[in-house]
Amino acid sequence: MQLPGTQVSVLEAASATDARSVSALADELGEKPETVVGAVFELQDSGLLTVEERTEERVALTDEGETYVESGLPEVRLYRAAVEVGATDEPVSMGQVIGASGLEGGAVDIALANYARKGYGRIDAGELTADPDADPDADGEATVLAALADGRVDAGDIEASVREQLVSRDLVTVSESTERLVTLTDEGVTVLMEGVEAAETVGQLTPELLTSGEWQDVEFAEYNVEADAETRYGGKKHILRQTADRVKDTLVGMGFKEMEGPHADAEFWINDCLFMPQDHPARTHWDQFALDVPPMQDLPADLVDRVEDAHRNGVGPDGDGYHSPWTEDVARGVDLRGHTTSLSMRYLSGHAEGELEPPQRYFSVEKVYRNDTLDATHLLEFFQIEGWVMAEDLSVRDLMGTFTEFYEQFGITDLEFKPHYNPYTEPSFELFGEHPETGEIVEIGNSGIFREEVLRPLGVDCDVMAWGLALERLLMLTHGFEDIRDVHGTLVDLDFLRTEEVVH
Ligand SMILES: N[C@@H](Cc1ccccc1)C(=O)O
């Protein structure tokens with residue numbers, strides 16, 4: 001009879017009298033267990049062997065269990081010391097017995113906790129008696145520990161109550177493993193006696209086999225469609241990108257249009273338009289990355305004049321500017337944007353898509369860059385969900401209502417608002433949500449209603465409410481992970497990224 005090579009080896013290694021385990025066969029044949037399992041199932045299908053699955057329990061000593069095999073169980077040592085100091089005749093002070101036992105630290109507590117339970121004697125009012133009839137040499141737990149250390153005992157032979165004690169004392173662990181046991185059938189024996197030969201089989205069709213015509217003569221290995229296969233992960237969209245897409249869909253659904261614009265931009269758009277004085281810490285508190293590139297040439301001259309005027313003199317008859325220097329050189333310097341509010345400035349000024357008439361709603365979900373210190377909640381670059389609404393009469397209620405409506409679509413219904421300060425909005429609010437795992441209150445965004453000093457130079461004469469929300473924080477709240485580096489950079493949790501999906 002002819003059979004594929006591995007089947008022949010398995011058949012020869014199996015026995016009709018002793019059940020042999022698949023792992024033993026794999027060891028002996030130097031094959032992978034899954035290869036042997038495949039062959040075993042084929043042979044079972046052909047009726048040449050039988051397979052029996054057996055789940056086995058294994059009991060193993062823990063490190064602590066091993067220590068006691070060496071030194072004796074603490075309660076046994078306490079008993080021997082108690083006998084030595086005469087506690088069989090009359091109560092002896094606990095201190096004296098412990099001293100004589102040589103037990104220290106946690107071992108003392110363990111000894112005392114088990115002493116009376118196991119009938120070694122009594123502990124009462126700081127004194128200890130020893131039962132003269134107790135036999136430490138027959139201690140059930142100690143006996144099992146010693147037997148396990150010598151490999152003299154099987155899991156099934158240990159008395160249930162003793163085993164339970166040893167497990168609860170963390171002296172042994174119990175684990176289960178499934179083993180497949182293989183035995184030759186009578187037919188298998190017959191086939192072996194009559195002689196089996198390994199058939200040449202070809203596992204893969206190659207261009208050579210095709211062109212030479214050899215494919216017509218060879219025997220192909222059969223597919224085992226039930227064999228365990230390696231898990232292959234295809235490429236997929238990153239969870240953060242999926243979340244960004246969902247945010248975009250949500251905002252488009254709420255009537256917003258998307259903004260686009262440069263990642264590296266003039267400080268003018270990033271800071272000056274936002275009424276951030278050039279010498280104010282608010283300008284450095286972003287800790288933006290300045291780029292060593294030529295200054296931005298094409299700033300709109302009329303807007304630059306109006307922004308400079310707002311900085312110097314404020315707006316309106318009662319306006320007051322900053323009494324600090326302002327130069328166009330600083331405004332022309334190029335930075336990586338620390339927020340996408342630079343895009344809002346470009347759009348509100350009419351320089352992105354022309355003059356805008358209210359009502360308008362715009363958003364972007366784009367990267368921003370900050371020179372922060374990397375930690376569980378901060379990255380050097382992250383995605384900001386920028387947005388603004390332009391309308392005749394806007395109030396804080398409109399702002400809160402918009403956030404409530406937006407976050408509800410992500411299942412976040414416990415928003416909190418805290419008054420805040422931005423140089424460009426008044427009033428301003430920080431936004432918080434509760435972390436689903438830690439219960440911690442996490443900052444998720446910053447918002448407000450743009451000041452006159454921002455809007456007038458831009459030529460906007462109605463209200464504009466605006467915000468910047470952190471996409472990564474939204475993801476933390478929706479998926480419950482605690483470290484932003486689980487999804488970004490070299491420490492990512494690959495399993496999470498492979499399996500997690502954002503539901504649209
Ligand atoms: N630029 C702010 C967010 C914001 C945008 C618009 C208005 C108010 C706040 C930030 O990055 O935190």
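All values derive from a computational prediction rather than experimental measurement. (Residues numbered from 1 in each chain as written. Predicted model: local features only at pLDDT ≥ 70, side-chain atom pairs only at ≥ 80, totals over all residues. Heavy atoms only, no water.)

### Describing the environment of V202
Quick note on the threshold: In this text, helices come from DSSP runs of H or I with a minimum length of four residues, and strands from runs of E with a minimum of two, each type numbered from the N-terminal end. For this analysis, residues touch if any pair of their heavy atoms sits within 4.5 Å.
Position of V202 among the secondary structure elements: in strand β9 (residues 201-202). Each C-alpha atom, one on V202 and one on E222, is 9.2 Å from the other, the two residues being 20 residues apart in sequence. Once residues lying within four places of it in the same chain are set aside, the contact partners of V202 are L209, V218, E219, F220 and A221.

### Some details on the site of the ligand
Rules: Only a single heavy atom is needed: when it lies within 4 Å of a molecule or strand, its residue is near that molecule or strand. In protein, a polar contact means a hydrogen-donor-capable atom and an acceptor-capable atom, both N or O and within 3.5 Å, with residues adjacent in sequence counting only if both atoms are side-chain atoms; elsewhere, any N or O pair within 3.5 Å suffices. For the area figures, the Shrake-Rupley method with a 1.4 Å probe applies, and any residue is considered shielded solely by the protein chains shown.
The environment of the ligand is formed by 15 residues, the closest being H339, T341, R370, Q384 and N446. At 2.9 Å from a nitrogen atom of the ligand is found a side-chain nitrogen or oxygen belonging to H339. In this structure, an oxygen atom belonging to the ligand sits 2.8 Å away from a side-chain N or O atom of R370. Protein chains bury 96% of the 320 Å² of accessible surface belonging to the ligand in isolation. When contributions to the shell around the ligand are tallied by element, the ones reaching two or more residues are β15 (381-391), β18 (441-450) and β19 (463-470).

### Brief notes about a nonpolar patch on the surface
Quick note on the threshold: Each patch is built from residues that are more than 30% exposed by relative accessible area and take part in no salt bridge. Like charges join if they lie within 9 Å; nonpolar side chains (Val, Leu, Ile, Met, Phe, Trp, Tyr) join within 5 Å. Salt bridges are defined as contacts in which a side-chain nitrogen from Lys or Arg sits within 4 Å of a carboxyl oxygen from Asp or Glu.
Where nonpolar side chains cluster on the molecular surface, the patch consists of L205, L210, W215 and F220 and spans about 380 Å² of accessible area. Mapped onto the elements, L210 comes out in helix α11 (residues 207-212).

### Quick notes on the packing of aromatic side chains
For clarity, the cut-off: Stacked, tilted and edge-to-face pairs are distinguished by plane angle, under 30 degrees for stacked and over 60 for edge-to-face with tilted covering the rest, among Phe, Tyr and Trp rings (Trp via its six-membered ring) whose centres lie within 6.5 Å. Three exposure classes are used, based on accessible area relative to the maximum for each residue type with a 1.4 Å probe and protein chains only: buried under 20%, partly exposed in between, and exposed over 50%.
Tallied over the full model, the rule gives 13 aromatic pairs. Considering the side-chain rings of F481 and F496, the 5.6 Å spacing of their centres and the 65° angle between planes classify their relative orientation as edge-to-face. Highlighted residues: F481 in the loop between α20 (471-479) and α21 (494-499) and F496 in helix α21, separated in sequence by 15 residues. Accessibility assignment for this pair places F481 and F496 in one class, buried. Taken together, the ring pairs in this structure connect F256, F403, F417 and W467 into an aromatic cluster.

### Thoughts on the UniProt feature "binding site: L-phenylalanine" (unreviewed entry) in the protein
For clarity, the cut-off: UniProt positions are given in the numbering used here, feature names are shortened, and annotations may be inferred rather than shown by experiment. Method remark: on a 1 Å grid restricted to protein atoms, a set of points is classed as a cavity if a 1.4 Å probe fits but cannot get out and as a pocket if it is open with protein on both sides within 12 Å along at least five of seven lines; lining residues have an atom within 4 Å of a point.
Within this structure's numbering, the places UniProt gives as "binding site: L-phenylalanine" (unreviewed entry) are T341, Q384, I385, E386, Y424 and F450. The subset of the named residues that lines the largest cavity consists of I385. If you trace the backbone, E386 turns up in strand β15. The residues contacting E386, other than those within four sequence positions of it, are M259, T340, T341, S344, Y362, F363, S364, W467 and G468. By the secondary structure assignment, F450 is in strand β18. Residue class for F450 comes out buried when judged on its relative accessible area of 5%. Leaving out residues up to four positions away in the same chain, F450 has contacts with L274, T341, M345, L348, Y424, T425, L455, V464 and A466.

### Here's the deal with helix α7 (residues 106-115)
For the α-helix, the turn length of 3.6 residues means that residues three or four positions removed from each other point alike. Let me state the cut-off plainly: To obtain the arc, one takes the directions from the helix axis to the C-beta atoms.
When we look at burial in α7, the residues that qualify are V108, A111, N114 and Y115. End-on, the buried residues of α7 take up no more than an arc of 145°, which puts them together on one face. Across from the buried face of α7, at angles greater than 90 degrees, the exposed residues are D109 and A113. As for α7, its buried residues are in contact with α5 (74-84), α6 (94-101), β5 (121-124) and β6 (127-130).

### Things to note about the pattern of salt bridges
Scanning the entire structure with this criterion turns up 25 salt bridges. When the shortest N-O distance is used, the salt bridge between D139 and K118 registers 2.9 Å. Within this pair, whereas D139 is found in the loop between β6 and α8 (140-149), its partner K118 is found in the loop between α7 and β5, the two being separated by 21 residues in sequence. The buried category is assigned to D139, whose relative accessible area is 3%. Measuring nitrogen to oxygen at the nearest pair gives 3.8 Å for the salt bridge that ties E430 to K418.

### As for the nonpolar core
Looking at soluble globular proteins, one finds that nonpolar side chains tend to be buried together. Rules: Residues belong to a common nonpolar core when they are buried Ala, Val, Leu, Ile, Met, Phe, Trp, Tyr or Cys residues joined through side-chain atoms within 4.5 Å.
Grouped together as the largest cluster of nonpolar side chains are 41 residues, with contacts concentrated most on V247, I385, F406, Y407 and L471. Those residues in contact with F406, other than ones at most four positions away along the chain, are V247, T250, L251, M254, I385 and L469. By size, the runner-up hydrophobic cluster in this structure holds 33 residues, among which are V304, Y362, M390 and V464.

### Looking at the sheet that holds strand β16 (residues 416-422)
Definition in use: Strand pairing is assigned whenever DSSP detects at least two bridges linking the two strands. Axis lines are fitted through C-alpha atoms, for helices just across the contact stretch, and the angle between N-to-C directions can take any value from 0 to 180 degrees.
Sheet architecture is open: seven strands sit in the order β11-β14-β15-β19-β18-β17-β16, paired in mixed fashion. The sheet is open, and its two borders are formed by β11 (257-258) and β16, each paired with just one other strand. By the bridge criterion, six bridges tie β16 to strand β17 (residues 425-434) in an arrangement that is antiparallel. Considered in β17, the bridge of F417 is made with L431. On top of the sheet, helix α12 (residues 239-253) reaches β11, β14 (360-369) and β15; it is set at about 165° to β14, its chief contact. Across the sheet, helix α17 (residues 341-348) touches β11, β14, β15, β18 and β19, and the angle it forms with β15 is around 30°.

### Things to note about empty space enclosed by the protein
Rules: Grid points are joined across faces, edges and corners, and a volume is the space filled by probe spheres set on the points. Under the scheme applied here, ten amino acids are nonpolar (Ala, Val, Leu, Ile, Met, Phe, Trp, Tyr, Cys and Pro), four are charged (Asp, Glu, Lys and Arg), and all others, including Gly, are polar.
In this structure the tally under the stated criterion is one cavity of 30 Å³ or more. In this model, the largest cavity occupies a volume close to 30 Å³. Lining the largest cavity are L251, I385, T402, F403, F406, W467 and L469. Elements supplying a minimum of two residues to the lining of the largest cavity: α18 (396-408) and β19. Ranked by residue count, the leading element in the lining of the largest cavity is α18, at three residues. A per-class count over the lining of the largest cavity returns six nonpolar, one polar and no charged.

### Let's talk about the packing of α8 against helix α9 (residues 160-168)
Operational definition: Should an angle fall under 35 degrees it is taken as roughly parallel, and over 145 as roughly antiparallel, whereas 65 to 115 is taken as roughly perpendicular and any remaining angle as oblique.
Direction vectors running N to C along α8 and α9 enclose 80°, while the axes themselves pass 10 Å from each other. Looking at the two axes, α8 sits roughly perpendicular to α9. Where α8 approaches α9, its residues G140, E141, V144 and L145 are matched on the opposing element by V162, Q165 and L166. Split into classes, the residues belonging to the contact of α8 with α9 amount to four nonpolar, two polar and one charged.

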